[in-house]
Amino acid sequence: FGYRAGRFIARNPIGVGAGVVIVALLAWIAISSVLQSESLRAERDRAQLEAQNAAEVADFLVALFQESDPDIAAGEDPTARDLLARGAERIETELDDQPATQIRLMRTIAEIEAELGNFEQAHRLLDGALARALPVLGMQDPETGLIALRLGELHGDEGNFGAADSMLVVAQTIYESVVPPDPG
């Protein structure tokens, strides 16, 4: 077989060379397709998880604001601060089985609390969100970076510039690990 194969290759070098190139090209296309499909599958799974998380956040917020409905509130007229306080309590007690949703809602309500000037509650929520985010999401997740950023901004608003600087450095480190550097 070896002798015949060698003679065939010697008599048909162009055809054999073209065949080798075609086989190599087909192998490269197959490998590239498999890698691309794996990447697309991972991206699809991430997008589905984000959509589910967004739906859970929306459902929670709708339920929270339904409490101000006169039919449900039973004569109460809750303020925005009351609703936020109830929401913060519910987040910490009802969403333990959904940590990503819990973390995002804690950050969101903390941002609103900070805008309303309730820095103590905003700190409590952001500290809790960061404590939950580190073991669940890790230091490579954009949500963890956003929480660190918000904590840094909050410390800065309060004039605590040392703590602000520390948190902003953490946020920048996370951002740089998540976003690839600009080659230009």
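Up top is the structure.
In this report, we go over the structure that sits alongside the text. Residue numbers run consecutively from 1 along every chain, following the written order of its sequence. The model is predicted, so local features are restricted to residues of pLDDT at least 70 and side-chain atom pairs to those at 80 or more, both for listing and for counting; the totals for chains, interfaces and linings are taken over all residues. Side-chain metrics rest on all non-hydrogen atoms present in the structure, leaving aside hydrogens and water.

This part is about the overall build of the chain. Along the backbone of the chain there are 8 helices and 0 strands. Listing each helix as α and each strand as β along the chain from the N terminus yields α-α-α-α-α-α-α-α. Its C-alpha radius of gyration of 28 Å places the chain more than 25% over the 16 Å reference for a compact globule of 184 residues. A simple rule labels every residue: compare its accessible area, found with a 1.4 Å probe on the protein chains alone, to the largest value its type can have, and call it buried under 20%, exposed over 50%, or partly exposed in between. Classification of the 184 residues of the chain by burial places 26% in the buried group. Here, two residues are considered to be in contact whenever any of their heavy atoms come within 4.5 Å of each other. The contacts in the chain between residues at least 6 apart in sequence include a share of 52% that link residues at least 24 apart. In this description, accessible areas are obtained by the Shrake-Rupley approach with a 1.4 Å probe, and a residue is regarded as covered only by the protein chains that are shown. When the accessible surface of the chain is split by element, carbon and sulfur atoms take 61% of a total near 11900 Å². Side-chain charges in the chain split into 14 positive and 30 negative, and the spacing between the mean points of these groups amounts to 20 Å. Strands are runs of DSSP state E lasting at least 2 residues, helices are runs of H or I lasting at least 4, and numbering of each runs from the N terminus. Note that the radius of gyration is over C-alpha atoms, with the globule rule given as 2.2 Å times the number of residues to the power 0.38. Charge counting treats Lys and Arg as positive and Asp and Glu as negative, with His and both chain ends excluded. Lysine's charge is taken at NZ, arginine's at CZ, aspartate's at CG and glutamate's at CD.

For every element, the axis is a line fit to its C-alpha atoms; helices are fit only across the contacting stretch, and the angle between N-to-C directions ranges from 0 to 180 degrees. For the pair helix α5 (residues 99-115) and helix α6 (residues 119-136), the least separation of the axes is 8 Å and the interaxial angle reads 155 degrees. Considering their axes alone, α5 and α6 lie roughly antiparallel with respect to each other. As α5 runs across α6, the sense of the crossing is left-handed. Seen from α5, the contacting residues are P99, Q102, I103, M106, R107, I109, A110, E113 and A114; seen from α6, they are F119, Q121, A122, L125, L126, G128, A129, R132, A133 and V136. Under the scheme applied here, ten amino acids are nonpolar (Ala, Val, Leu, Ile, Met, Phe, Trp, Tyr, Cys and Pro), four are charged (Asp, Glu, Lys and Arg), and all others, including Gly, are polar. Within the contact of α5 with α6, the residues separate by chemical class into 13 nonpolar, 3 polar and 3 charged. Roughly parallel covers angles under 35 degrees, roughly antiparallel covers those over 145, roughly perpendicular covers 65 to 115, and oblique covers all other angles. By definition, any crossing whose near helix is turned counterclockwise from its far helix by less than a right angle is left-handed, and any crossing with a clockwise turn is right-handed.

To continue, consider the nonpolar core. Grouped together as the largest cluster of nonpolar side chains are 23 residues, with contacts concentrated most on I91, L105, L125, L126, I147 and L151. Residue assignment for this core shows that the elements contributing at least two residues are α2 (13-66), α4 (80-94), α5, α6, α7 (142-157) and α8 (161-178). The element that contributes the greatest number of residues to this core is α6, accounting for 6 residues. Setting aside anything within four residues of it in sequence, one finds I147 in contact with I103, R107, L126, A129, L130 and A133. Throughout, nonpolar core names a set of buried Ala, Val, Leu, Ile, Met, Phe, Trp, Tyr and Cys residues whose side chains join them through atoms within 4.5 Å.

In this scheme, a helix's expected span is set at 1.5 Å multiplied by one less than its residue total. Helix length check: α2, at 54 residues, gives a terminal C-alpha distance of 78 Å against a target of 80 Å (1.5 Å per residue), a fit within 8%. Those residues of α2 lying buried are N53, E56, V57, F60 and L64. Looking at the buried side of α2, the elements it contacts are α4 and α5.

This brings us to the pattern of salt bridges. Pairing between side chains becomes possible if they bear opposite charge and their charged atoms approach one another. Salt-bridge detection follows one rule: a side-chain nitrogen of Lys or Arg within 4 Å of a carboxyl oxygen of Asp or Glu. Counted under the stated rule, the structure contains 9 salt bridges. Linking R46 and E43 is a salt bridge whose minimum nitrogen-to-oxygen distance equals 2.5 Å. Here the residue R46 and the residue E43 both occupy positions in helix α2, the gap between them amounting to 3 residues, near one helical turn. With relative accessibility at 42%, the residue E43 sits in the partly exposed group. The salt bridge involving R104 is made with E143; its shortest N-O contact spans 3.9 Å. With a gap of 39 residues between them, R104 in helix α5 and E143 in helix α7 connect regions that are remote in the sequence. With respect to burial, R104 and E143 carry one shared label: buried. Salt bridges sharing common partners tie together E50, R104, R107, E111, E143, R150 and E153.

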